[in-house]
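# Structural features, examined
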Amino acid sequence: MVAGAAAESRGHAPLLSIGQVLARLSPDYPELTPSKLRFLEEQGLITPARTESGYRKFCEADLERLRLILSLQRDHYLPLKVIRAYVTDLDAGRNPAFPGQVQGASMLGVGRRMPREELLREAGASASLLDEAVAASLIVPADAYNDDALAVLQALVGLRRAGIEPRHLRGLRAAADRESALISTALAPALRRREASSKASATERGLEIAGQLETVRSSLIRGAIGRLAR
């Protein structure tokens, strides 16, 4: 939702307090806290209205924008600088490509939750492949799956055609755990601070580090593949 639409929405519907926002969004985004709301405002991603006493007030358009931001973080692991650029383009009336996808990609997938059968149907996967992915710790079992699980399962369908099975990828889970430990160590000083804003900032920094590690990993793999063709 663009900023102008948010301003228009404020004039036609009751405004919500931080507590009311959390009550509306926490069932889907339990990681949302008052400190995270303040952090997102500090980062220029949301601009709630203010009462004469300085209390933040949110309209329905603000809630829609928060859902988009939180979904991009949680379901697509995007850092705030990427999300900020995306919503800035939306605010300017442009039609930006969805982050990480090709131009014109649909926004309908953001924040989706799909049952097992729908996941299998969309991925074109068998139930046994999903079970093997869960056994190899590549997908976390759940009552409902998000777009990230769908992307992984689709990739596994393609890998199986190349003769690569989920059991061959158990090392990826171990590598991911090692990278998580590296990130945790890097964030430890910020996480030890008592300020809530420091923890929100640490989460954002963790996503940035994860993206940087992905860049290094992809480069190493491309280099290895290039050597195979020599």
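Refer to the structure printed above.
Quick summary incoming for the structure in this document.

Rules behind the numbers
- Residues numbered from 1 in each chain as written.
- Predicted model: local features only at pLDDT ≥ 70, side-chain atom pairs only at ≥ 80, totals over all residues.
- Heavy atoms only, no water.
- Axes fitted to C-alpha atoms, helices over the stretch in contact; angles between N-to-C directions.
- Helix = DSSP H or I, 4+ residues; strand = E, 2+ residues; numbered from the N terminus.
- Parallel < 35°, antiparallel > 145°, perpendicular 65-115°, else oblique.
- Contact = heavy atoms within 4.5 Å.
- Nonpolar A, V, L, I, M, F, W, Y, C, P; charged D, E, K, R; others polar.
- Core = buried A, V, L, I, M, F, W, Y, C linked by side-chain atoms within 4.5 Å.
- Buried < 20%, exposed > 50% of the residue type's maximum accessible area, 1.4 Å probe, protein only.

Between two packed helices, the angle of one axis relative to the other and the distance separating the axes together describe the packing. Interhelical geometry of helix 6 (residues 116-123) versus helix 7 (residues 127-135) gives an angle of 105 degrees and a closest axis separation of 10 Å. By the angle class used here, helix 6 and helix 7 are roughly perpendicular. Mapping the contact onto sequence places Arg116, Leu119 and Leu120 in helix 6 and Ala127, Leu130 and Asp131 in helix 7. Of the residues assigned to the contact of helix 6 with helix 7, the class counts are four nonpolar, no polar and two charged.

Next up on the list: the nonpolar core. In this structure, Val21, Leu37, Phe58, Leu66 and Ile83 are the most contacted members of the largest nonpolar core, which totals 25 residues. Among the elements of the structure, helix 2 (18-25), helix 3 (34-42), helix 4 (60-76) and helix 5 (80-91) are those that each provide at least two residues to this core. Ranked by residue count, the leading element in this core is helix 4, at six residues. With residues near it in sequence (within four places) discarded, Leu66 still touches Val21, Leu25, Leu37, Leu40, Ile46 and Phe58. If you look at the next biggest cluster of nonpolar residues, it comprises 18 residues, including Leu119, Ala133, Ala136 and Leu156.

Function-wise, these values are silent; they only describe arrangement.
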